[in-house]
Structure formats: structure tokens, C-alpha cells
2 protein chains.
Amino acid sequence: MDVIESTTQVNNKGACGGFLMDLHKGLKSKVMNVAKCIKKTGKDDPRRVIHSFKVGLALTLVSLFYYSRPLYRGFGVAGMWAVLTVVVVFEFTVGGTLSKGINRGCATLLAGALGIGAQHLATAFGQSGEPLVLGALVFILAAGATFMRFFPRIKARYDYGVVIFILTFSLVTVSGYRVTQLFQLAQQRLATILIGGATSMLVSIFVSPVWAGQDLHNLVASNLDKLANYLQGFEQEYFHCSENKENSKSSALLQGYKTVLASKASEESLANLARWEPGHGGFRLCHPWKQYLKIGALARECAYKIETLNTYLNSEIQECLEFKCKVEEPCKIMSSESSKALKAISSSMKAMTAPSAAKCHIEKSKTAAKLLRITLETISLDDAELIAVIPIATIASILEEITKSVEKVYESAHELSLLAHFKNVESNNVSPPEKPPQILHRGIINPLVDIDNSNNNNNNAGQIEITIHDIISCESSPEKVENAPSNSCAVVNIIVCH
Amino acid sequence: MDVIESTTQVNNKGACGGFLMDLHKGLKSKVMNVAKCIKKTGKDDPRRVIHSFKVGLALTLVSLFYYSRPLYRGFGVAGMWAVLTVVVVFEFTVGGTLSKGINRGCATLLAGALGIGAQHLATAFGQSGEPLVLGALVFILAAGATFMRFFPRIKARYDYGVVIFILTFSLVTVSGYRVTQLFQLAQQRLATILIGGATSMLVSIFVSPVWAGQDLHNLVASNLDKLANYLQGFEQEYFHCSENKENSKSSALLQGYKTVLASKASEESLANLARWEPGHGGFRLCHPWKQYLKIGALARECAYKIETLNTYLNSEIQECLEFKCKVEEPCKIMSSESSKALKAISSSMKAMTAPSAAKCHIEKSKTAAKLLRITLETISLDDAELIAVIPIATIASILEEITKSVEKVYESAHELSLLAHFKNVESNNVSPPEKPPQILHRGIINPLVDIDNSNNNNNNAGQIEITIHDIISCESSPEKVENAPSNSCAVVNIIVCH
């Protein structure tokens, strides 16, 4: 028994000690987690730390109204409205602060005037009728304004203003019933709100500003980069042209596009805020922010296709290697040139120039898509199973659709560069001019001199039968064609007669 | 000259009259547009009109504090905080109102207590040190709390609380410096905020409540319905089995899925609000709202694939009709059964029962996917061009992926039904039990009795060569197989020896 008891005690002690140890460890790990989270949040976007200090600064500035006696004498208790305004108006972006500040100012003015009018109207109904009339007016205006908040346009731009309108109108009519010096109160309140709003706006604009417009511009450009990265990684991963060491790099490239799928909400809110901002950096007051939404929508369309493409990347299905070899070249060109085109669009957006450098990549990817069609038209698959061909064919087909999407993105980005008067960099500076075109494929031409037939079929007189014996990439081929630089290409229109 | 002048005058008059007419017309059409917009907004969701009246009601109720003299004597000017609280706290959903109300209440209490503490601390530093200490404290707390708003978890649930915390702390410390009767003021303010918050919450809950949880539940279910509609419409449209009259109907079915692509933001915000709601309807307090986000994410994955599928629907490319005929049957079954499965999941979600009815549709679509593989393995395309086969093959391949997505949605919905303890409707009531399986295809079996070979190849002893001469759908075939009901099917495992 003793042995058992002592064991139990030891166990209890051990359990208790263990529990405390666990608690200590748990607490330590929690604190560590919070610290990590703080560090990560700050590191992800250092402007967040600066923003926090800016809010502190603006609040401390308006507190002066309370601390300094002469100012307090002027404004009295109404000084607290300055503090309140700073807290609710100060937003991360300049656009957000301006939107809320202007909304608040205008709504307060309008509602204050209406409220005083309502007050005067109500006094006409006598002392017993006054509260009834005021109550009815508050009810009607609050219900009407609340309903207006459901209109999508008002929701997007003036939601805060409508809330402040209801708030101020109710406060003025309700408090006006008691406070006799209504005008003086309204004046004080408006002045303090203006001071709070102005402080917020000035600090927001002049102390390391965060422009919503710049953020939107960067977001759309970086989304295009992410899509480009995927296509680059896909080429490396699917066609196994990367070594093991690079594989981890390519799989990192393959992840980024997922955030593009859900970028709609943030793009729209940034575009709404960007409207309120004055000209800054390369952006004028009436910069075509809507066009960014168009580019964003097209980028998402492309991302949806990439998402479908991605399901085929890791699926372990039998593949016909012979067929894969035959379509590999156009597929590789389509994905790499689309990737380069997206990168070019993105970098020209970042530099605020016309995306002319992307044009030649778009053309190359379109040529590769044509080449794919020609390859598919001429290919014969007598001994290959259809089931092993289909996954590759599907990938090729989706890549073709992605090529089309990228072209649409290019057109939309081009339109933006026109609307926003981006600098028109001479395409000569960006892409080398008039290089001899690239040789993608070699084949052996069998001239078919069939005198009997050529006499009979006059319609086919201008046509030659071309039999492609093998498709060899110039880069993978050990022997180079004379006089043709390794990066040049020749687009040959092939007419095949069956 | 006179003629010309008079003509000009007439023209001017006409132009002026025309301008006035245009202005009148323009004004009339604008007013009509606004009226239409109001009507549409109300018709889209009649709860919006009710919500507007609820806000009016709550505001009128708290105005009583000002209108009735005895209450005014108790609270004084602090009564306006009740009005302010109602305006900023009252949200469309119960969850929104509760979240804001509870956040506001807790934050005010905490910040009020901290503010009074800070006030006492500051008095220890003498009259000249007090404003400095208070200013520093406001700066530190405001900056720290603002930084906390960037943490995603706090942003999602407690954002409003943090704003109110900063607001109240600043107001209490700043105004405490002037107002001597701090405790009484704090007490009055807290009481009026509680009254405003309670009024909002009670009106929100008891006057035709809008539950965020119910909305989330309906949104996810209706999104599944939209995907099901697309698949149904796709079958009708692509395989031309609908008549002209129905075509317009099917093209309407094809549009709905687009909203599913961008449903992430609204689903997440509803899930965040639903957490705050008490049990209502069939939902308990701790209903697994997170699981809806999982189902929603899987539904979006399916929608991305549908988006890609949709690009192939209207593209005018040459198609190999022979091949289309051969894969038509499994493709039709895949899309129609996936559609039925999604509809069954959606309707069982709406009825809050386990989605057992969907199981048999999932099985049928999986069988069809297997059938597609078998068809593709056995098909020979000697005379068909690959280029005409690929679009159809791509569609078939994407449909197969959609089938897999739908199965994942089913599994996730099943998990939800377990977590939320949905009623387990006997599958017997929903799907007829143990029917003889459906005959999808008929073929002629040629037993291959090759005595010489069978003696030599012992490995192939158990295998029979089956040649499928034709694939005929039971429904489209005029002659019915005896003893087999029209809705039954036989799944035959075919081993093909080459």
C-alpha cells in the first residue's frame, strides 16, 4: 500500500509539476507566437508601423485643444468632437482618410442645416406638437437615408457620409429640443469637426503618405507578375527541363497565383478610395482608376484558367511521351512567351510606360498557338492510345486559351497607357529591332513532281506537299543551322494537301 | 438675307425649345431611373425596407430620453450618446448589430477603466507634468491599438471594438483633465451607451430579424444551385438536345455561376457575423460556421473549372462528330448527374438533412467517368483528325475534373451535416433502394476460343476479348431490353486484350 501511495504521490507531484511546466511552456509559446505575429505583421508592410505612429501623432495634436487653456475657452466641451473625428476618420490610405473626412464634413453641414430647419418647423406646432413632429421627421429621414445605403453606388462611395447624416440630423433635432443656444453649439461642433478632420488629412497626406491609387497600381501589376511566375514555373515543372535544385524554386513560383483569384474585393475598395485622392507621383487627379478594375478582371479570368491548368499538373496519369514530345515545343513557347508578355506588361505598368515591349511576346505566343494547330493537324497517332494523349492535349488547349487571355490583358493595359498618357517608350529600346526571326522547327521538304496529276488538277497547281519528318527544337539540337543566330526564328506557312 | 436670318431665328427658337424639351426629358428619365433603382433595390430584398423602418424605430425610441423630462433629468446631455450608439451600432444583420454592440460595450468599459487609471497616474506628476504624461499615454495606446487592427483575426472580429477603445480612452483621459466630476460623467455615458446598444439589439432581434447565419446558409446552398444550373444548361446547350424554345432558358441557366466566382468576401463576412448570433431556427449557438467556408471554397474551385469549360462552349471550332457521338453519353451523364448531385446537396442543406440523396448521383457520375476512360481506351480514330477531337476531349476531361470537385463538395457537406447534427433522412425515402442497375450500353460479345494460343499463354487464361460493336444509349434506343426497367443500369468491367 505504502509503495502504491508514495508512487501515487510522486505521480501527483510529477503530474502537478508537469502541469505547471506545461502551463509555463504553453504561456511561453503563446507569448512567442504573439511576438512572431507582431513581427510578421510589421515586416509584411512596414508602413503599418508608421501608420500607427501617425494616428498617435494626430490624436496627440488634437488633444492640445483640451490641454491648452486659451483653446479650451474658445471651444469648451465641443473640443472632444475633434478627438472623436480623428479616431473615426483616420484611415490607412490617404484616399480613405479624405473620403471619410470629406463625407463627414459635408454630411455634418447638410444635416446640421436640415436639423435646424426641422427645429424651426416643429416650433410652429406648439409645445405639445413639437416632439411629435420632430420624432416623425427623425423617423422618416433615418429610414429614408438607411434605405439609400443599399444602393450599390452610394454604398461604395458615400456610405460613411449617410451614417453621419443620420447621426447629425438626429443629434441636432433631438438636442435642439433642449439646448437653447443651438446655433452656437452647432458652430462649435462644426469647427471642432473641421479641425479634427483637417488634422487627420494633413497628417495623412504629409507624413509618409500611403496612396490607395499607388497601392492599386502596384497590386494589379504584381498580380500580373504572379500569373507570369506561374506560367514560368509550369514550363519548368511540366516539361521537366529544370534540375532538382530548381524544382523547389519552380514550385514556389507555382503558388503565388492563388491570391489573384480572390483579389476582386481589395481591388474594388482601393479603386473607390483612389478616386478621392489628389494627384500624386505620376497619377493625375482624374487618373483612369476604372481601367485597373478591367485589367484586374481580365487577370482573374486568366487565373481561373491557370487554376484549371494546375489540376492537370500534379495528376498522375499515363501520358503518351511521343505525343508530348511533338507538342512540347509550341506549348513551351506559349507558356514562356505568355509569361514574358505578362512580365513585360507588369514592368511597363510599374515604370508607367506603354506596354509595347509585350507586343512581340504576344505575337510569338500567337505564332506558337498557330504552330500547335498545324502540329495537331499533321500529327498521326496510329499506335498511341487516345487516353494517354488527352491530358496533354487538354493542357495544350488550356494554354492556348491562356494565350488569348494574356492578349486581352495586353489590350486592356495598352488602353490604360493611352487613357493615363503613359510615356511611349520606343519599342526599339526595349526589344531588339528586326532581328532575323527564330528557327523553331526543321523539316525535310519532299517536292512532289507528279506530272500526270498536276496536269489534271489545275486547282492545286500552286501547292506543294510538305512532309514534316521530325520536329526538332533549335535550342536542343546539337547542330546549328548556318547563318542563323540561335535566338532567331522563321515563321513558315505550311499548306498541307492530303 | 432675310430668308436666311428668319431661318436662323427659327432654328434658334427650335434649338432652344429643343434644349428645354431635352432638359425636361433628361430630368424625367433621371427621375424615372432613380424610381426604378429604388423599386429594384426594394424588390431584390424586401428585408431592406423593413430594416430601414427598424432603424427609424430604434432612433425614435432612444429620442424619448430627450423628449421625456424625467429621463432627461437623470441623464442630461449624455443622453445624446444613446442616439449616437444606435446610429453607428444598428446593422442589417443581427450578428452585425450584436458584434458592434458587444464590441462597443466591452471596449467602452475597458477603455473607461484604463482612462480613469491613467488620469490618477498622471495627477501624481504634478500640474505641469500631467498633460505630458497624459499625452504620452494617449500616443502609446493609440499607436499600439492601431497596430493591433492589422492582425487579421482582430481585424475580422474586433476591429470596431479597437476603434472604440482608442476613442473612449482618448476622450476619458483628455476630458478628465477638465471635467472634475469624471466618475459621474463616465457612469452616465456608459449607461446611455448601454441603453442605445440594448435598444438596437432588441429591435434587431425581435422585429423581423435578419440572421447572418441563415443568410450564409442560404448563400452557400444557392451557390451550389447555380453551379448545378450551369451543368444542366451546359448539357442542353452543348449536346443540342434542347429545342429552340428551351435554348433561351438554358442560356439563362448558364449565366448564374459567375457570381459564385466572387462570393468569397461576402461568405467570410457573413461567417464572421454569424459567430456572434444566438441560436435561431435550426442553428445552435456553436453552429459550425467555418464548415460553410470550406464548402464555399470547394464550390468556387468547381466554379473556376466551369469558367474554363464555358470558354469552350461558344467557341466555333470544327468538331469531329463521330468522336462527339462516342463520348456524348458519358459526358451527358457526368454533367447531368453532377448537376443532380449538387441540387440534392443544396436541397438537403436547405432542409437541414444529411445529403444522402446526393450519394447515388455521385456514384453514377463516377461510373460515367470510368465509362469515359473505357470508351477512350477502346476508341480508334484512324480517319479523324486530332485537331477536331481535342476540343471535345478537353471538355470531357474538364467535366471529369468537375465530377471530382462535386464529390469533394459532397464530402464537405456530409461533414457539415455530422458537425451540425442535421437530421439523417433514411436514404430509402429519398432514393429507391436496390433497383436493378441501369443499362447504359449494349454490345456484342465475341468469345474468342483460340485453342492453340490459350495453351501457350497461361497468363491470359482468365481473360476474354470483348469487342464493342456499338455504344447505344438505352434511352435513345427504340428497342428496350426485356426485363430491364428503363432507369436501370449494369456496370460491366471490361478487360480489353490487345
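One structure accompanies this document, and this report is about it. Treat the numbers as computed from the prediction; the structure is a model and nothing was measured.

The interface of chain A with chain B comprises 77 residues on the first partner and 77 residues on the second. Counting the surface lost from both chain A and chain B, the interface buries some 7200 Å², and carbon and sulfur atoms represent 74% of this. Here chain A is connected to chain B by seven residue pairs in polar contact (both at pLDDT 80 or more). Among the elements that line the side of chain A that touches chain B, the one with the most residues is helix α2 (residues 47–67) of chain A, at 13 residues. Of the residues that constitute the side of chain A that touches chain B, the class distribution is 48 nonpolar, 17 polar and 12 charged.

Right, let's talk about empty space enclosed by the protein for a bit. Residues and elements named next belong to chain A. Scanning the entire structure with this criterion turns up six cavities of 30 Å³ or more. Taken as a whole, the largest cavity holds about 70 Å³ of empty space. As for the largest cavity, its lining consists of W81, R104, T108, I164, L167, T168, L171, R189 and I193. Those elements giving two or more residues to the lining of the largest cavity turn out to be α5 (94–123), α7 (152–176) and α8 (182–206). In terms of residues, the lining of the largest cavity owes the most to one element, α7, which gives four residues. A breakdown of the residues in the lining of the largest cavity according to their chemical character gives five nonpolar, two polar and two charged.

A word on the packing of aromatic side chains. What the rule picks out here adds up to 23 aromatic pairs over all chains. Ring geometry for A:Y230 against A:Y257: centres 4.9 Å apart, planes inclined by 65 degrees, an arrangement best described as edge-to-face. Highlighted residues: A:Y230 in helix α9 (residues 212–238) and A:Y257 in the loop between α10 (244–253) and α11 (258–261), separated in sequence by 27 residues. On the accessibility criterion, A:Y230 (0% relative accessible area) is buried. The exposure class assigned to A:Y257 is buried, which follows from its relative accessible area of 0%. Here a set of aromatic residues connected by ring pairs shows up, and it is made of A:F92, B:F147, B:F150 and B:F151. Across from the ring centre of A:Y160, 4.8 Å away, lies the NZ or CZ of A:K100, which sits over that ring. One residue, B:K324, lies across the ring of B:Y238, its end atom 4.1 Å from the ring centre.

Okay, the relation of the copies chain A and chain B next. Superposing chain A onto chain B requires a rotation of 180 degrees together with a translation of 0.0 Å along the rotation axis, leaving an RMSD of 0.1 Å. Look at the turn and shift together and you get a two-fold axis relating the two. Here 100% of the contact residues of chain A are again contact residues in chain B; the copies associate through an equivalent surface.

The rules we used
- Residues numbered from 1 in each chain as written.
- Chains lettered and ligands numbered in written order.
- Predicted model: local features only at pLDDT ≥ 70, side-chain atom pairs only at ≥ 80, totals over all residues.
- Heavy atoms only, no water.
- Contact = heavy atoms within 4.5 Å.
- Buried area = accessible area lost by both parts, 1.4 Å probe.
- Polar contact = N/O pair within 3.5 Å; in protein donor to acceptor, adjacent residues only side chain to side chain.
- Helix = DSSP H or I, 4+ residues; strand = E, 2+ residues; numbered from the N terminus.
- Nonpolar A, V, L, I, M, F, W, Y, C, P; charged D, E, K, R; others polar.
- 1 Å grid on protein atoms, 1.4 Å probe; cavity = no way out; pocket = protein on both sides within 12 Å on 5 of 7 lines; lining within 4 Å.
- Points joined across faces, edges and corners; volume = space filled by probe spheres on them.
- Phe/Tyr/Trp six-rings, centres within 6.5 Å; stacked < 30°, edge-to-face > 60°.
- Buried < 20%, exposed > 50% of the residue type's maximum accessible area, 1.4 Å probe, protein only.
- Lys NZ or Arg CZ within 6 Å of the ring centre and 35° of its normal.
- Least-squares fit on C-alpha atoms with pLDDT ≥ 70 in both.

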